[in-house]
Amino acid sequence: MSFISITFGLFVFSIFVLYYAASLLRNRSAFVQQVILFIGSFVFYGFTDIRFIPFLLYIIIIAWASFFLCRNTFSFAIAIILEVLPLLFCKYSPTHLIFPLGLSFFTFQGISYTVDVYTKRFVPPRTTALGSLFDVALFIAFFPTISSGPIQRPAGLIPQFHQTHRFVYDSSVEGIILFAWGLLKKMFIADRIAIYVNYVYGSLSEQYGCALLLTAVLYSFQIYCDFSGYSDMAIGVSKVFGFELGKNFNHPYLAQSVGDFWRRWHISLSSWLRDYVYIPLGGSRVILPRIYINLMLTFLVSGIWHGSSWSFVVWGLLHGVYQCMGRATKSIQEKLRLPSVLKIFITFCLITVAWIFFRADTLQDALFIIRKIVLIPSELIHFTDLKATLGSTNAIRDMFSLFDPACGGFKGMAKILLLSGALWLIEMITAKRDGVQLFRSQKLIIRWILYLVFVLFLVYGTSDDYSGNFIYQNF
């Protein structure tokens, strides 16, 4: 069930009514609310494909059983292996098996439950078999997060299930605003950029380096608006039901180093990798060469988690190299005292290069794109001849692959660039103050004007080819 559908709107409204009606009960209101969320979550997940349900139940049962059966390192390791097996078979098997929606995400949540319970970082509030099974099932299957996160920790989410959530107007309005902002980023920016990006990637051999460079930069914005848009929507829906999930993105393209970027990008995954991979390997408490190895292994895991192709492996390793180089040159960077704007620009360029490997279908395609971008100076020399043959306007269209009407031509690209610039401006404005709080602090008339502008954007400004699918649902 897509977040961007009438079906989802009706589903949320139905659960909303039942959920807050249950809060009026004198006894066991929290339990009734849990039951409503439990049923709703399985309906939500099963609506996509009923064949996915056994995979979800498998992870739930293994995580739940680990609380009772993990008494030593060997049994703990067996539990982790059992939890990872479905992901390995579905994602990396040479045969084309079914790949359940959100398998990577709810597998990581299952692992976090097993690890945190075994290491005593989390003590289950209910120790009875049935009660703990119910908690684990709701924790892993919670409908706002099951398909693409944000990845949750048991200590942060499970205790919230045991509270009676009563309707709070301010919290619900903030949730709706956050959901709307995510919807706007997805439909108004990400899906519009996707048309051009998909077109260029669909005919790489025919493209000039200029078009490929523009596509690489635009994809950085596409994946950010797509995934952060989803996260905002998931967090917003959760807030409407009284749950706090924390931030998953914090202005990542304002980062001044790659390390800073990973403290801002997909925070739930980066913190998961830090706590369950990097720190257990020794983290930064070991000698410098080991720190570098730990960083490379952590980002290798990140690359493999995203996909089985070599391009994802290189993407992960490239980020590991960035991190190692950042540490190795830290003293030099401090002496140079580069302006913040320059550091942000350099970081964005490094991240954009890495995204080429992430987006490309194969490693060969990624290397082809980079080679063509490097050869842009020679293409610019050729531009003079092209201009003499086609004229300036058509020469630019040819260089940037803007002839096809499906891409919108100059007008469509101008909208894309304007939207990307506006997004960056909004990112800077909200860098030091939460955007929702900034919006809520405006006068009533200003807020309603902004509501009207938002509605007009959705009605008249979104792409005609918008997609209800999100990029990270593929992982």
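One can find the structure itself at the top, above this paragraph.
To start, this report covers the structure provided alongside it. (Residues numbered from 1 in each chain as written. Predicted model: local features only at pLDDT ≥ 70, side-chain atom pairs only at ≥ 80, totals over all residues. Heavy atoms only, no water.)

1. Examining the packing of aromatic side chains
Part 1 of the argument: As enumerated under the stated definition, the model contains 60 aromatic pairs in all.
Part 2 of the argument: Ring geometry for F16 and F167: centres 5.9 Å apart, planes at 90 degrees, overall edge-to-face. Here F16, found in helix α1 (residues 6-22), pairs with F167, found in the loop between α7 (154-161) and α8 (169-201); they are 151 residues apart in sequence, far enough to count as distant.
Part 3 of the argument: What makes F16 partly exposed here is its relative accessible area of 24%.
Part 4 of the argument: You can call F167 partly exposed: its relative accessible area is 44%.
Part 5 of the argument: Between W272 and Y276, the aromatic rings sit 4.9 Å apart at their centres with planes inclined by 45 degrees, giving tilted as the arrangement. One end of the pair is W272 and the other is Y276, both in helix α11 (residues 267-278) and four residues apart, which spans about a single turn. (Phe/Tyr/Trp six-rings, centres within 6.5 Å; stacked < 30°, edge-to-face > 60°. Helix = DSSP H or I, 4+ residues; strand = E, 2+ residues; numbered from the N terminus. Buried < 20%, exposed > 50% of the residue type's maximum accessible area, 1.4 Å probe, protein only.)

2. A closer look at the layout of surface pockets
Part 1 of the argument: Taken as a whole, the second largest pocket encloses approximately 1,100 Å³ of empty space.
Part 2 of the argument: If you trace the second largest pocket, you find 33 residues lining it, with S257, V258, G259, D260 and Q323 closest to the centre.
Part 3 of the argument: Elements with a minimum of two residues in the lining of the second largest pocket: α10 (258-262), α11, α12 (288-306), α13 (310-328), α14 (330-336) and α15 (340-359).
Part 4 of the argument: When grouped by side-chain class, the residues that make up the lining of the second largest pocket number 14 nonpolar, 12 polar and seven charged. (1 Å grid on protein atoms, 1.4 Å probe; cavity = no way out; pocket = protein on both sides within 12 Å on 5 of 7 lines; lining within 4 Å. Points joined across faces, edges and corners; volume = space filled by probe spheres on them. Nonpolar A, V, L, I, M, F, W, Y, C, P; charged D, E, K, R; others polar.)

3. With respect to empty space enclosed by the protein
Part 1 of the argument: As enumerated under the stated definition, the model contains one cavity of 30 Å³ or more in all.
Part 2 of the argument: Here the largest cavity defines a volume of roughly 50 Å³.
Part 3 of the argument: Together, F221, Y224, Y253, L254, L423, W424 and E427 line the largest cavity.
Part 4 of the argument: Residue assignment for the lining of the largest cavity shows that the elements contributing at least two residues are α9 (209-240) and α19 (409-429).
Part 5 of the argument: Examining the composition of the lining of the largest cavity, we find that three residues originate from one element, α19, more than from any other.
Part 6 of the argument: The residue inventory of the lining of the largest cavity, partitioned by class, reads six nonpolar, no polar and one charged.

4. Section: unusual backbone geometry
Residues other than glycine predominantly adopt negative phi, and peptide bonds predominantly adopt the trans conformation.
Part 1 of the argument: Put simply, G149 and P150 share a cis peptide bond, and its omega is 5 degrees.
Part 2 of the argument: Take P150: it is sitting in the loop between α6 (129-141) and α7.
Part 3 of the argument: At H251, a position not held by glycine, the phi torsion is positive, near 50 degrees.
Part 4 of the argument: Assignment of secondary structure puts H251 in the loop between α9 and α10.
Part 5 of the argument: For H251, a relative accessible area of 9% corresponds to the buried category.

5. Thoughts on the environment of K247
Part 1 of the argument: Locating K247 in the fold gives a position in the loop between α9 and α10.
Part 2 of the argument: Between the C-alpha atom of K247 and that of D232, which follows or precedes it by 15 residues, the distance is 8.4 Å.
Part 3 of the argument: Ignoring sequence-local partners within four residues, the contact set of K247 consists of I235, I267 and D434. (Contact = heavy atoms within 4.5 Å.)

6. Some points on the pattern of salt bridges
Part 1 of the argument: Across all of its chains, the model carries 10 salt bridges by this definition.
Part 2 of the argument: The salt bridge partner of K185 is D232, with a shortest N-O separation of 2.8 Å. Here the residue K185 occupies a position in helix α8, and D232 occupies one in helix α9, the gap between them amounting to 47 residues.
Part 3 of the argument: Look at K185 and you get buried, because its relative accessible area is 2%.
Part 4 of the argument: Residue classification places D232 among the buried residues on the basis of a relative accessible area of 14%.
Part 5 of the argument: What you see here is one network of salt bridges that share partners, running through R153, R274 and D275. (Salt bridge = Lys/Arg side-chain N within 4 Å of Asp/Glu carboxyl O.)

7. Describing the nonpolar core
Part 1 of the argument: In this structure, F8, Y196, W265, W355 and Y472 are the most contacted members of the largest nonpolar core, which totals 140 residues.
Part 2 of the argument: Looking at this core, the element that brings in the most residues is α9, giving 18 residues.
Part 3 of the argument: Among residues more than four places away in sequence, those in contact with F8 are M1, S2, F3, F44, F143, F179 and V237. (Core = buried A, V, L, I, M, F, W, Y, C linked by side-chain atoms within 4.5 Å.)

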